[in-house]
Structures are given as structure tokens and as C-alpha cells.
Amino acid sequence: MASKKALGLTAATAALVLGLSACGNGDTGDGGEAGEEFNFGILYPQTGNLAFLGPPQLAAAEYAIEDINVAGGILGTDVPDINEADEAGDAGQANDAANNLVADEVNAVIGAAASGMTQAVYDSVTGAEIVQCSGSSTAPELSDIDDGGYFYRTAPSDLMAGPVMAEQMVDDGHVSMSVIARADDYGSGYLDAVESELEALGADVVHTDTFDPDATNFDSVVNGADNADADAVALISFEEGAQVIAELIEAGFEGEELYVTDGLNDPDLGETVNENDPEVINGMTGVAPGADNPEFNEGLREFEPGLDVFQFAPQVYDCVTSIALAAESAGSTDPTEYVDHVGEISRPDGTECTTFEECRDLLQDGEEIDYQGTSGDIDFDENGDPTAATFEVFHWDDDGQGTLEFVDYTVED
């Protein structure tokens, strides 16, 4: 049975998040004129090494749009079907896809999914003064991009996720750690956050290394962890991490000594690591942005019965709903007019509300609102980042993959 606890920032990690701070409330709109459609585009992985994350992202966006339309649409007009585009795990293709959405004159872009793809496309989207919101891009570098204020994300920065993983490793009794990461923005930022928090907690970080995700073998980083006599390894990777895990296990590491991130939160990971012995990863633990919201999961499962993976679905749902509420607040579907309202619909001093309809009605009554997302509290800061988030600690055992607990994490002032 999953439990829930809360964490705050240690002094060592606080230095990594000085840029995260809350900003003040703005004015709400009067409801605006009905009639103009609000068109969403979504840039997500239909193909590529993160394609397993595609179905929950699309389903969550469509689910949010259905809820909005049941409530009467945005500014009284139904939202049409979402315009889909494939990021494909390739920067060039992702940017072409983003440019197609811009050419289609969408009012907002949901995505990209991967941090690297968001880095590749945000200038095309935000440079066209279109609001972009990612529910799964977590790289710390995205806090400081030159986006003109048009980029938001409901997925927490890895500066928040790293301490949760470090705390889990220490709580499990490990004392000497290796941290291995893919050599990109996602990997380097996450590695720094884990390493800093481990050291703050008194653990001995005996080995850190990065690897080329396109490599065909990972002997160097595996041997480094093995030779350093690490008693636990944190692996920050995407799908290529399955091969790293296989090599770590071959080197003598056991499942309970391995910790992974959201890029490997896949129920079928065991079969990918070793199709003849998928239980070889039993004991392994991971950390990912999550949501302690079974009602949402049940609703999404009913909406899309074939869905197997739910990762980042609540965050994507919150991107769509936050943007819709910003348009209601501004009384406009024009991104240049509603953009400043995105950060205002989740302010702690507003009236709490949990659905588009409830929040919309409060806005129409002239109230400021604090949208409580399906993924938890959001509280956007001045960079468009959430300052509060919920993380799922997942685990593999004889019953397959399951949830150990949920951890609430808040950036402290």
C-alpha cells in the first residue's frame, strides 16, 4: 500500500534553486466574448525512444479537452480536436513538427515531452508568441531559457526530483553511491541535484560519470561504479538505460542496489533488460513526477481503456487546463493577451478549485483562483516552473512494478 510523506529543501540543495521564487497575483478577466475557437497543438513522442510516453500524454490532453467541452468550452466555444505532431526523439524533426503547429496558428502548444526536444523547439514556438506548456520536460536549464515568458511547465525541475531520489537511497541504508547519467541537459542537471543532496545527507559519492546515450556498450561507466565499490547506483537515463542495467547486473549489482528515474518508469522494463529473466530487476526502485490521485487515474482509464502507462498524464492534463483557465481569466484566446494569466491561476492566495468548470465559474464571479491540479499543487514561479510537486517512488518485486509511496516536495523560500 502506497504511503505519503513530505520533503523540503536542504541547505545544500537550496543553492541549486535560488532562481525559483513565487510571484504576485494579477488581475482576472471578465469572461470575454464567445465564438472564437481555441486550438491546441501537442508535440509528443509518437516514435523514438520515448514513444512509450506518447499515449498517456495524448490521452491526458484529450481527456482535459473533453472535460472543458462538457463544461461549455473555452469562452463558451467547444475546443476542437487537438492538432498532433511527432517530436520523434530527434531535434530536427521535432523543430519541423513545431513549425508546422505554428503555421497552423494554434493558440497553444502542449509539449514537447523530452527536455532536449523542448530545448530544440521552444524558440520556434515562443518566438512566434504562442504559449507552450510541457508536462514532462524536467531539465533545470529550462528555467532560464529566453522564452519571452511564453514557456511554462507543470513537470517539476530535476532540482526537485534529485533530492527525492537521494533521500530514498539514504533511507534504504546505502552509504557509498555512484551516480551515472546520460550526457545531456536532462542527465547533467539531475546528476548534480542527486550528488549535492547525497553529500548534504552525509552519504559518500564515490563515483560519478556520464555516457553517450547512443553508445553501443557502457563498460566504462559500469566498470567505474564497480571499481569504486559503490553499494548503490543511481541511473539517470531514458530507454538506453535498460542496457546499462543489464551490464550493471552482469557486473554483480543486484536490483535493490539500483535506482532509476522517470525515463525508465516502464512496467515492461524487466523484459527489456532480460527477456528470458525479467525478474532480474526485482528490488530496483525509481522516482518520477507523479500524482496521488486515483480518481484521475480511474477517469483516464475509463476515457482511454487501452492505456497501460500513466506517467506524466496528470501533468499534461494540468497544462491544458491551466492554459484554458488563463484564456478565461484574460477573456481572450490570443496568446499575447492570456499569457500573463497562466501564472496567475494557481496563486496560493486565490480561492482553491480543482476543475475547469469550478475555477471558470469563480473567475466569472470576479474571484482570484488557486487551481489545484490533478498532479497536485502547482504554484508557478516567475520562470513558469511549478514550486510544488508530488513524486511517485516506484519499485519492482515479484508482483511486477508498483508504487511504494508518494512524496510531496516544495521549494522553500
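Residues numbered from 1 in each chain as written. Predicted model: local features only at pLDDT ≥ 70, side-chain atom pairs only at ≥ 80, totals over all residues. Heavy atoms only, no water.

Peer 1: Go over unusual backbone geometry, please, and point to the residues and values.
Peer 2: Residue G111 is joined to A112 through a cis peptide bond whose omega torsion reads 0°. A positive phi is found at D229, a non-glycine position, where the angle reads about 60°. Relative to the elements of secondary structure, D229 occurs in the loop between α7 (219-227) and β9 (232-236). With phi around 50°, D379 is a residue other than glycine that occupies positive phi space. Within the fold, D379 resides in the loop between β13 (369-371) and β14 (388-397). Since its relative accessible area comes to 13%, D379 is described here as buried. (Helix = DSSP H or I, 4+ residues; strand = E, 2+ residues; numbered from the N terminus. Buried < 20%, exposed > 50% of the residue type's maximum accessible area, 1.4 Å probe, protein only.)

Peer 1: Outline the sheet that holds strand β2 (residues 40-44), supporting the account with residue identities and numerical values.
Peer 2: Strand pairing in a sheet is mediated by backbone hydrogen bonds. Such pairs are either parallel or antiparallel. Read from one edge to the other, the open sheet built from five strands follows the order β3-β2-β4-β5-β6, with strand pairing classed as parallel. Of all strands in the sheet, those bounded by a partner on one side alone are β3 (83-86) and β6 (151-153). On average, each strand axis in the sheet is inclined to that of its neighbour by 20°, with strand direction left out of account. Bridge count for strand β4 (residues 108-111) against strand β5 (residues 131-134) is three bridges, and the pairing is parallel. Within β5, the position partnered with A108 by the bridge is V131. Sitting on the sheet, helix α2 (residues 54-70) touches β2 and β3, and the angle it makes with β2 is about 165°. Packing against the sheet, helix α11 (residues 313-330) makes contact with β2, β4 and β5, and its axis sits at approximately 165° to β4. (Pairing = 2+ DSSP bridges. Axes fitted to C-alpha atoms, helices over the stretch in contact; angles between N-to-C directions. Contact = heavy atoms within 4.5 Å.)

Peer 1: Break down the side chain of D385 for me, citing the residues and quoting the values.
Peer 2: For D385, the position within the fold is in the loop between β13 and β14. The class of D385 is buried, set by a relative accessible area of 1%. Polar side-chain contacts of D385 include one of 2.4 Å to the side chain of S143. Of note is the side chain of D385, whose polar atom sits 2.7 Å from the side chain of R153. (Polar contact = N/O pair within 3.5 Å; in protein donor to acceptor, adjacent residues only side chain to side chain.)

Peer 1: Hey, could you go over helix α8 (residues 241-250) for me, with residue numbers and the actual values?
Peer 2: Quick reminder: α-helices carry 3.6 residues per turn. Residues three or four places apart thus point the same way. The buried count for α8 comes to seven of ten residues, which makes it a mostly enclosed element. When α8 is considered as a whole, its buried residues turn out to be G241, A242, V244, I245, E247, L248 and I249. Looking at the packing, one finds that the buried side of α8 touches β8 (204-211), α7, β9, β10 (258-260) and α9 (269-273). Phi turns positive one or two residues past the end of α8, at G252, with a value near 115°.

Peer 1: Residues and numbers for the nonpolar core, please.
Peer 2: Counting 50 residues, the largest nonpolar core has F40, I74 and I323 as the members making the most contacts within it. Top element by residues in this core is α11. It accounts for ten residues. Excluding anything up to four places from it in sequence, F40 contacts I65, I74, V79, I82, N83, V106, A108, I110, V320 and I323. V106, A114, M160 and A181 belong to the second largest nonpolar core, which has 46 residues in total. (Core = buried A, V, L, I, M, F, W, Y, C linked by side-chain atoms within 4.5 Å.)

Peer 1: Explain the state of the cysteines residue by residue, including any values.
Peer 2: A complete count under the given rule lists two disulfides for this structure. For C133, the disulfide goes to C319, at an S-S distance of 2.1 Å. Where C133 bonds to C319 through sulfur, the torsion about that S-S bond is close to -75°, and the disulfide is left-handed. Of this pair, C133 sits in strand β5 while C319 sits in helix α11; the two residues are 186 residues apart in sequence, bridging distant segments of the chain. Linked covalently through their sulfurs, C353 and C359 form a disulfide whose S-S length is 2.1 Å. Taking the sign of the torsion about the S-S bond as the criterion, the disulfide between C353 and C359, at about 110°, is right-handed. Judged by its relative accessible area of 0%, C353 is buried. (Disulfide = S-S within 2.5 Å.)

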